[in-house]
Amino acid sequence: MPELSAKTQGFTDSVIRRMTRICMECDAVNLSQGFPDFDPPREILERLAEVSYEDFHQYSITWGAQNFRQALAEKQARFMGRAINPETDIVVTCGSTEAMMAAMMSVVNPGDKVIVFSPFYENYGADAILSGAKPIYVPLHPPEFGFDPDELEAAFRQRPKALILCNPSNPSGKVFTYEELEFIASLVEKYDAFVITDEVYEHIVFEPYKHTYFASLPGMWERTLSCSSLSKTYSITGWRLGYIIAPANIIDVAKKVHDFLTVGAAAPLQEAAVTGLRFGDDYYADLARKYTNKRNLFLKGLDELNIAHTVPQGAYYVLLDISEFGFESDLEFCELLARDVGVGAVPGSSFFREPVNHLIRLHFAKKDETLLAALSRLENMRAKIPCRK
Ligand code: GLN
């Protein structure tokens, strides 16, 4: 038999999604793969029901239904503080997963370098391999997960084609400050690179932190492919609605890549989601408040259990320190946690370039009762998982 593709031998399946399958097998409270267990906004669901009887069952325009792009352009223009042309500056994708992949394929040639901050969302590694890019990893240093300016400039000296910026950041919860983003922008300009953002947690930011869209920095619109999705903002991760926003010359290329990858996102879902895109500012303030309460509830519970953890500034993840258990393999720890304690988590090693085995990631995008159930199970963690030290 001939060999299968060499590219795919460079990575395993997604550890995040594997943990969800393990949780389903052993009925664990799944705080591994980040998705809510509460309902999307009622108005969106009501519109979805209506849409099923309307004329939205065939392909939409490949780069996104006109109505959806119009509503998205208006919403993002409001938050990004600049005009966005729905005809030329947007391509609608199947989730931000496709947006990131299409953005990478639009920008890099095989052999080009891309800067990735570590820890990073695991898809970026696979995106780099599939598009033939070579990642240069730059560490974000705990507890604040800031970068060292010299380390970042050293990476830029290797002449990367692009930098990938996840902000607010998964899994660290870091929200980059305006000054940090300005510094990145100065290097992007100096070394002539692009920035591909992943801003899916743009509306999940905790006071006093603020989200700055990288494309809104002076001179950065021309160089930025802003990727995001509706998954987290409207609690519809299964709808797979994402997008790239960028200047027309970049979107022209991204449209072609997207067209041949997937043709288009689901037409009825785009139409139903327009209802959400038309929500007023209150919706986003409420969302941030709701997640702030969940974060506070969950972190307080972890504190009461005396489990050391990160304090996220945005997004909905927290890293727990499991050093006291002395495990060599954080994957094995997570399997025991799911099977014997009944809580699903993701091994930290799947996010770090550095050899890290003492962290696990949990998320708090769940009903309060689910979070409380997880916390009460975690009470037994020390009794049920024997220490290996
Ligand atoms: N972003 C989510 C996480 O990190 C998962 C996204 C996905 O599985 N597509 O858990």
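Residues numbered from 1 in each chain as written. Predicted model: local features only at pLDDT ≥ 70, side-chain atom pairs only at ≥ 80, totals over all residues. Heavy atoms only, no water.

J.: For the overall build of the chain, give the residues involved together with the corresponding values.
T.: For the chain, the helix and strand inventory stands at 13 helices and 12 strands. In terms of C-alpha radius of gyration, the chain reaches 21 Å, essentially the compact-globule figure of 21 Å for 389 residues. Per-residue burial over the chain gives 57% buried out of 389 residues. Partitioning the contacts of the chain with sequence separation of at least 6, the portion at a separation of at least 24 is 75%. As displayed, the chain has an accessible area near 16500 Å², and 53% of this comes from carbon and sulfur atoms. Put simply, the chain has 39 plus and 52 minus side-chain charges, and the middle of one group is 2 Å from the middle of the other. (Helix = DSSP H or I, 4+ residues; strand = E, 2+ residues; numbered from the N terminus. Rg over C-alpha atoms; globule rule 2.2 N^0.38 Å. Buried < 20%, exposed > 50% of the residue type's maximum accessible area, 1.4 Å probe, protein only. Contact = heavy atoms within 4.5 Å. Areas by Shrake-Rupley, 256 points an atom, 1.4 Å probe, with all protein chains shown as cover. Lys, Arg positive; Asp, Glu negative; His and termini not counted. Charge placed at Lys NZ, Arg CZ, Asp CG, Glu CD.)

J.: Tell me about helix α7 (residues 178–190), and name the residues and values.
T.: When the terminal C-alpha atoms of α7 are compared, their 18 Å separation across 13 residues agrees well with the 18 Å that a helix rising 1.5 Å per residue should span. Among the residues making up α7, those that are buried are Glu-180, Leu-181, Ile-184, Ala-185, Leu-187 and Val-188. All buried residues of α7 fall inside an arc of 165° around its axis, so they share one side. With respect to the buried face of α7, the exposed residues turned more than 90 degrees away are Glu-179 and Lys-190. Elements that come into contact with the buried residues of α7 comprise β3 (113–118), α6 (149–156), β5 (162–166) and β6 (194–198). Within two residues after α7, Asp-192 carries a phi angle of roughly 55°, on the positive side. (Expected span 1.5 Å × (residues − 1). Arc of directions from axis to C-beta.)

J.: Before we move on, could you go through the sheet that holds strand β11 (residues 346–347) and cite the residues and values that matter?
T.: The strands making up a sheet associate through backbone hydrogen bonding, with each pair oriented either parallel or antiparallel. Spatially, β9-β12-β11 is the arrangement adopted by the 3 strands of the open sheet, whose pairing is antiparallel. If you trace the sheet from one side to the other, it starts and ends with β9 (317–321) and β11, each paired once. Across 2 bridges, the pairing between β11 and strand β12 (residues 359–363) is antiparallel. Bridged to Val-346 within β12 is Arg-361. (Pairing = 2+ DSSP bridges.)

J.: Outline the nonpolar core, listing residues and values.
T.: Membership of the largest hydrophobic core comes to 132 residues, with the highest contact counts inside it found for Phe-68, Phe-117, Leu-152, Ile-184, Ile-244, Leu-337 and Leu-362. Element by element, the count of residues in this core is highest for helix α10 (residues 281–304), at 7 residues. With near-sequence residues (within four places) excluded, Ile-184 lies in contact with Phe-117, Phe-147, Leu-152, Leu-163, Leu-165, Phe-176 and Phe-214. (Core = buried A, V, L, I, M, F, W, Y, C linked by side-chain atoms within 4.5 Å.)

J.: Any details on the packing of aromatic side chains? Residues and values, ideally.
T.: Using the criterion set out here, one finds 21 aromatic pairs in the structure. Consider the rings of Phe-147 and Phe-176, whose centres lie 6.5 Å apart with planes at 25°: the pair is stacked. With a gap of 29 residues between them, Phe-147 in the loop between β4 (134–139) and α6 and Phe-176 in the loop between β5 and α7 connect regions that are remote in the sequence. Here the two residues Phe-147 and Phe-176 agree in accessibility, since each one is buried. Note on Phe-279 and Tyr-283: the rings are 4.7 Å apart at their centroids and 45° apart in plane angle, and the pair reads as tilted. In this pair, the class of Phe-279 matches that of Tyr-283, namely buried. A cation over an aromatic ring shows up here: Arg-82 above the ring of Trp-221, its NZ or CZ 3.9 Å from the ring centre. (Phe/Tyr/Trp six-rings, centres within 6.5 Å; stacked < 30°, edge-to-face > 60°. Lys NZ or Arg CZ within 6 Å of the ring centre and 35° of its normal.)

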